[in-house]
Amino acid sequence: MASIKHTLTNIVAEAFEACGIDKKYGTVEVSTRRELADYQCNGALAAAKPYKMNPRQIGQSVMEKLQETAADTFSEISLAGPGFINLRLSDSWLASLTQEMATDASGRYGVDPAADPKMIIIDYGGPNVAKPLHVGHVRTGIIGESLKRLSRFLGHNTLGDIHMGDWGLPIGQIIMELEDRDPTMPYFDASFSGPYPEQSPVTVTDLAEIYPTASSKSKTDEEFRARAQQATSELQEGRPGYRALWQHFMTISIADLKKNYGSLQVDFDLWLGEADVNDLIEPMVEKLKADGFAYLSEGAIIIDVKDDADKKEMEPLMVVRSNGSVGYEATDMATIVQRVRDYDPDFVWYVVDGRQQHHFKKVFRAVYKSGIADKNKISLEHTYNGTVNGPDGKPFKTRDGGVMSLQVLVEMVIDKARQRLAEIDSASGYPAEEQEDIAQKVGIAALKFADLVNHRTGDYAFDLERFSSFEGRTGPYLLYAAVRNRSILRKAAEEGLSAGQILPPAGPEERELQLKLLELPDLLDFAFDQRAPNHLCDYAYNLAIAFNRFYRAHHILNEKDEAQQASWLGVAQLTVDVLELVLDLLGISVPERM
Ligand code: ARG
């Protein structure tokens, strides 16, 4: 059945054509005034000028044509204002589409897979190894995960890449800090020929203390900074002791990352990072130089990325620093070389903090300009995200002003969920293990929904009380709605009742619900086009509200008319399936019961 907007547009476009007006004016949208219409077409207004006709006159002819050709589809076609064509779907047509959606054998609820599937790489997470995940990693992880699921569901070839920050100055700083603490370790002995110890000399917990120490030392102690920079370039050049240490950091960090992202139900297909493109940098720089894009300036190798249209000053991009080391620009450029080579993507979406817009602007310009990426073939997009703030409007901190670790944050939301569940005496009779599972799901749903409901580019304030409420636009409310709907279906099944043919809506509440269900394919396309999961959140919430109204209006389990009852069960089943699908695309899982 596909997109209802497309289906209706086809019908209306034909009517325009039959009236001698270009098909393109037949575009149909969801009505902005639902009390007047379900869908509307504003094309008569747009066509008036080029056709030198009165828009109402065009509207009138199109309307008459539709009354003739599409009487089954529409129960009401009317003209409003200067020439809007208002459309109300006939109840029988509506029900037949709902039925089609409910019985879609592909299990996709009427959502067709993309006709022209794209290869999409989503770069999200972006943790720096050797540093614990913190509140700054919440949005990129949650949004990236949702975009990945959405893109994949729509049938695109999608790969999520964590793109670890594992090759820069922080690693050099840690290595030097370790040397200061214990210079006798074999990693620092340039004449040592191995093998190096199998056991890492530090744990993740150690790193959580070592890195901040090293980083602040680097800010105040010039000599230390110089040594850290030197160590970074020696690591990049392949000094064995430093590489061995780096390998240890990687192994312990990745295990920790998997655990932490796992608790958020965020996962990655590719565990690549900056280090993986090390060998691509030199040939890339050589080619950039040979082609005249990169040149030597004060010891560094730079690329001009100015554009004539720039209003502000645009400094050149530095691919190689004067000390020979490479930084974030070079690794991001080489990663594009690698992605083009290995995956030939149509899109790369960088779900990265909006404060990095300038960085990506420069990198994208450099790779397009130099032909590393073909602008006509591959779309590099910084699908940036805002931050999670505290009450002061600045990035959320701990009570004493420290960095809020992701682990602590996740523990906080799960604790709160436990407390809330106890307050409403939910799940109290269930086995302890199940109770804990429910608390985790509720906590994660609270956090993820609160994050995703905001447009990705905006910031929002962390408000645990509000996020974990069972009322309003929250994750827990939606879980509750899904679980309750499912329990109704379970009760029906126990009484031997099952879903059947979906009938025309029995009242306005059911009509709204069926209309909402039919919006699914268009909604998913829209969220995808906008790279914006918040539209999925709005939809899930509105669907849950529509279901509540429907459920209050009709006593499904007491209904005497069997066909009517079976139809309502069909609508309820479809609603819970769609709700769970959308929650899954948000990366939120629903407990069996609550
Ligand atoms: N590691 C980076 C940081 O912490 C984020 C990486 C984002 N991805 C990218 N391709 N640059 O700022």
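Residues numbered from 1 in each chain as written. Predicted model: local features only at pLDDT ≥ 70, side-chain atom pairs only at ≥ 80, totals over all residues. Heavy atoms only, no water.

## Some thoughts on the packing of aromatic side chains
Now for step 1: Throughout the structure, instances matching the rule amount to 19 aromatic pairs.
Now for step 2: Relative to Phe 364, the ring of Tyr 350 has its centre 5.3 Å away and its plane inclined at 45°; by these criteria the two rings are tilted. Separated by 14 residues along the polypeptide, Tyr 350 in strand S10 (residues 347-350) and Phe 364 in helix H12 (residues 357-369) bring together distant segments of the chain. Across the pair, exposure class does not vary: Tyr 350 and Phe 364 are buried alike.
Now for step 3: Look at Phe 360 and Phe 364: their rings are 5.6 Å apart centre to centre, the planes differ by 40°, and that puts the pair in the tilted class. (Phe/Tyr/Trp six-rings, centres within 6.5 Å; stacked < 30°, edge-to-face > 60°. Helix = DSSP H or I, 4+ residues; strand = E, 2+ residues; numbered from the N terminus. Buried < 20%, exposed > 50% of the residue type's maximum accessible area, 1.4 Å probe, protein only.)

## Some thoughts on the pairing of strand S7 (residues 294-297)
Now for step 1: Relative to strand S8 (residues 300-303), S7 runs antiparallel, the two sharing 4 bridges. Within S8, the position partnered with Ala 294 by the bridge is Ile 303.
Now for step 2: The loop that links S7 with its antiparallel partner S8 comprises 2 residues; one of these, Glu 298, has a positive phi angle of about 50°. (Pairing = 2+ DSSP bridges.)

## Brief notes about the nonpolar core
Soluble globular proteins tend to bury their nonpolar side chains together.
Now for step 1: Leu 520, Leu 524 and Val 578 are the most contacted members of the largest nonpolar core, which has 154 residues in total.
Now for step 2: A total of 12 residues in this core trace back to one element, the largest contributor, which is helix H20 (residues 562-585).
Now for step 3: Leaving out residues up to four positions away in the same chain, Leu 524 has contacts with Val 111, Leu 150, Phe 153, Leu 154, Leu 536 and Leu 585. (Core = buried A, V, L, I, M, F, W, Y, C linked by side-chain atoms within 4.5 Å. Contact = heavy atoms within 4.5 Å.)

## Observations regarding the pairing of strand S3 (residues 74-80)
Now for step 1: Here S3 runs beside strand S4 (residues 84-89); their pairing, made up of 6 bridges, is antiparallel. Pairing of Leu 79 across the sheet is with Ile 85, part of S4.
Now for step 2: Linking two consecutive strands that pair antiparallel, namely S3 and S4, is a turn of 3 residues; a positive phi of about 50° is found at Gly 81 within it.

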